[in-house]
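# Structural overview for review
For reference, the chains in residue letters:
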Amino acid sequence: MPSGAAAQAQPVARPAARPGTDAAPQTVPGFWDPRRRPERPDLSRLTVIRFLTETDYPPFNFTGADGNPAGFNVDLARSLCEEIKVTCTIQMRRFETLVDAITSNKGDAIIASLAVTPQLRTRLDFTDPYYRAPARFVSRRESVMPEVRPEYLEGRKVGVIAGSAHEAYLKAMFTDAELHSYPNDDALRTALRRGEVDFIFGDAIALAFWVNGTDSGDCCAFSGGPFVESRYFGEGVGIAVRKGNDLMRQALNWALFRVWEKGRYTDLWLHYFSVSPF
């Protein structure tokens with residue numbers, strides 16, 4: 001995680017609860033330290049920002065009913081443009097083409113849930129992270145645990161996707177749990193619904209939508225809090241710019257802070273995430 005970015009969870013007053021349950025404060029992730037306000041760069045040199053995003057990764061990126069780009073990333077990009085007061089375009093492309101497109105000057109910034117990795121840092125520069133994809137445990141509703149520690153899962157059956165970073169983390173940290181590996185998300189979640197495992201462990205954002213969706217049959221809920229170790233789960237998700245484009249990176253960092261400070265980031269998060277992955 002870049003220095004100067006403080007990972008914190010901010011409980012906000014607006015309720016976001018499941019229908020039929022008592023409303024509870026939603027938890028919104030924040031990565032900005034109010035004591036470390038970024039300096040406003042010379043924005044007069046920016047005349048346009050050409051954002052690139054991907055085509056189909058709801059709720060982050062998708063095609064809206066009017067045929068235009070929509071989603072959390074798209075709305076955040078529009079908020080950044082309003083803050084910088086610059087004309088912006090948003091073009092949807094297949095995810096695998098995004099890096100080549102920006103390095104060949106077909107765009108200025110990628111906002112497409114692109115995880116920051118050491119490999120990508122050799123080709124692109126990144127803003128500070130604007131969200132992370134934590135890992136979490138899910139159990140059946142009657143077996144929810146408020147906290148999950150390695151010793152609590154001794155001898156318990158835990159499902160995980162084979163070959164994933166989540167599996168590697170469990171093998172390193174939850175050595176006394178009985179791991180069961182599955183080839184894909186459907187098989188993993190079915191195992192929990194059928195009671196073949198006591199817990200599953202995986203990407204909290206995807207699990208949040210499953211838990212709150214019809215496919216889960218209201219069977220399950222999060223147990224314990226998020227795991228965010230960057231060694232296994234990455235540095236976070238940032239906006240990518242071409243190598244050396246410091247003005248663009250600094251402008252976007254400044255605008256991200258302003259959007260968060262004004263509460264607009266919180267509004268966007270609560271609009272798109274009814275169950276917090278954090």
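On a predicted model such as this, the values are computed, not experimentally measured, just so you know. (Residues numbered from 1 in each chain as written. Predicted model: local features only at pLDDT ≥ 70, side-chain atom pairs only at ≥ 80, totals over all residues. Heavy atoms only, no water.)

### Things to note about the packing of helix α1 (residues 72-84) against helix α9 (residues 264-272)
The condition is simple: Interaxial angles span 0 to 180 degrees and are taken between N-to-C directions of axes, which are lines fitted to C-alpha atoms, for helices over the stretch in contact. Numbering of helices and strands runs from the N terminus, with a helix taken as a DSSP run of H or I at least four residues long and a strand as a DSSP run of E at least two residues long. Orientation labels follow simple angle bins: below 35 degrees gives roughly parallel, above 145 gives roughly antiparallel, 65 to 115 gives roughly perpendicular, and whatever is left gives oblique. Crossing handedness is defined as follows: a turn of the near helix away from the far one that is anticlockwise and smaller than a right angle gives a left-handed crossing, while the clockwise case is right-handed. Contact definition: two residues touch when any of their heavy atoms are within 4.5 Å. Residues are grouped as follows: Ala, Val, Leu, Ile, Met, Phe, Trp, Tyr, Cys and Pro are nonpolar; Asp, Glu, Lys and Arg are charged; every other residue, Gly included, is polar.
Running from N to C, α1 and α9 cross one another at 165°; their axes reach a closest spacing of 10 Å. The angle between α1 and α9 falls in the class roughly antiparallel. The two elements α1 and α9 cross, and the hand of that crossing is right-handed. Facing α1, whose interface residues are Phe-72, Asp-75, Leu-76, Ser-79, Glu-82 and Glu-83, α9 presents Arg-264, Tyr-265, Leu-268, Trp-269 and Tyr-272. Looking at the contact of α1 with α9 residue by residue, the classes come out as 6 nonpolar, 1 polar and 4 charged.

### Brief notes about the pattern of salt bridges
Convention followed: Take a side-chain nitrogen of Lys or Arg and a carboxyl oxygen of Asp or Glu: if they are within 4 Å of each other, that pair is a salt bridge. Working definition: with a 1.4 Å probe on protein chains only, accessible area under 20% of the residue-type maximum means buried, over 50% means exposed, and in between means partly exposed.
Enumeration over the complete set of coordinates arrives at 22 salt bridges. Of the charged contacts, one joins Arg-45 and Asp-42 as a salt bridge, the two residues approaching to 3.8 Å between their closest N and O atoms. What makes Asp-42 partly exposed here is its relative accessible area of 41%. Here Glu-83 makes a salt bridge to Lys-262, at a shortest N to O gap of 2.9 Å. Of this pair, Glu-83 sits in helix α1 while Lys-262 sits in the loop between α8 (246-261) and α9; the two residues are 179 residues apart in sequence, bridging distant segments of the chain. A residue is classified by how much of its surface remains accessible, and Glu-83, at 5% relative accessible area, is buried.

### Thoughts on the packing of helix α5 (residues 185-193) against helix α6 (residues 204-212)
At a closest axis distance of 13 Å, the pairing of α5 and α6 adopts a crossing angle of 50°. Relative to α6, the element α5 is oriented oblique. Crossing angle aside, the handedness with which α5 passes α6 is right-handed. Within the contact between the two elements, α5 uses Arg-189, Leu-192 and Arg-193 and α6 uses Ala-206, Leu-207 and Trp-210. Per-class residue counts for the contact of α5 with α6 are 4 nonpolar, no polar and 2 charged.

### What to know about the sheet that holds strand β7 (residues 109-110)
What counts is decided by this rule: DSSP bridges decide pairing: two strands pair if at least two such bridges lie between them.
With mixed pairing, 5 strands are arranged side by side in an open sheet as β6-β3-β7-β14-β8. Unpaired on one side and paired on the other, β6 (87-93) and β8 (124-126) mark the two borders of the sheet. Across 2 bridges, β7 lies against strand β14 (residues 240-242) in antiparallel orientation. Considered in β14, the bridge of Ala-109 is made with Val-241. Along the sheet, α1 makes contact with β3 (48-54) and β6, crossing β3 at roughly 170°.

### Regarding the pairing of strand β12 (residues 199-203)
Put simply, side chains in a regular strand alternate between the two faces of the sheet. For β12, the tally of buried residues reaches 4 of 5 residues, placing the bulk of the element in the interior. One ladder, built from 5 bridges, connects strand β9 (residues 135-140) with β12; its direction is antiparallel. Bridge pairing in β12 links Ala-135 to Asp-203.

### Focus on the confidence of the model for the protein
Spelled out, the test is: By definition, pLDDT measures how confident the predictor is in each residue, and it falls between 0 and 100.
Per-residue pLDDT for the protein averages 88, and the proportion of residues at 70 or more is 90%. Across residues 1-25, where pLDDT falls below 50, the model places 56 contacts with residues more than four positions away in sequence or in other chains.

### A few points about α5
What counts, and what does not: The arc in question is the one spanned by the directions pointing from the helix axis to the C-beta atoms. Polar contacts, as used here, are pairs of N or O atoms within 3.5 Å; protein pairs need one atom able to donate a hydrogen and one able to accept it. Residues neighboring in sequence count only if both atoms are side-chain atoms.
For α5, every residue scored as buried is listed here: Leu-188, Arg-189, Ala-191 and Leu-192. Down the axis of α5, the buried set is contained in an arc of 155°. They therefore lie on one face. Tucked into the core, α5 has its buried residues touching β9, β10 (157-161), β11 (178-182), β12, α6 and β13 (220-227). Between the side-chain oxygen of the N-cap and the backbone nitrogen of Asp-186 there are 3.2 Å, and the N-cap of α5 in question is Asn-184.

### Description of the pairing of β13
For β13, a buried count of 6 out of 8 residues is recorded, marking the element as mostly surrounded by other parts of the structure. Bridging between β9 and β13 involves 5 bridges; their strand directions are antiparallel. Residue Arg-140 lies in a different strand from β13, and its bridge partner there is Cys-220.

### Observations regarding the state of the cysteines
Test applied: Pairs of cysteine sulfur atoms within 2.5 Å are what we label disulfides.
If you walk through the whole model with that rule in mind, you get 2 disulfides. The residue that forms a disulfide with Cys-219 is Cys-220, at a sulfur-sulfur distance of 2.2 Å. As the torsion about the S-S bond is roughly -100°, the Cys-219-Cys-220 disulfide counts as left-handed. Assigned by exposure class, Cys-219 and Cys-220 land together as buried. Going through the protein in sequence order and numbering each bonded cysteine, the pairs you get are 1-2, 3-4.

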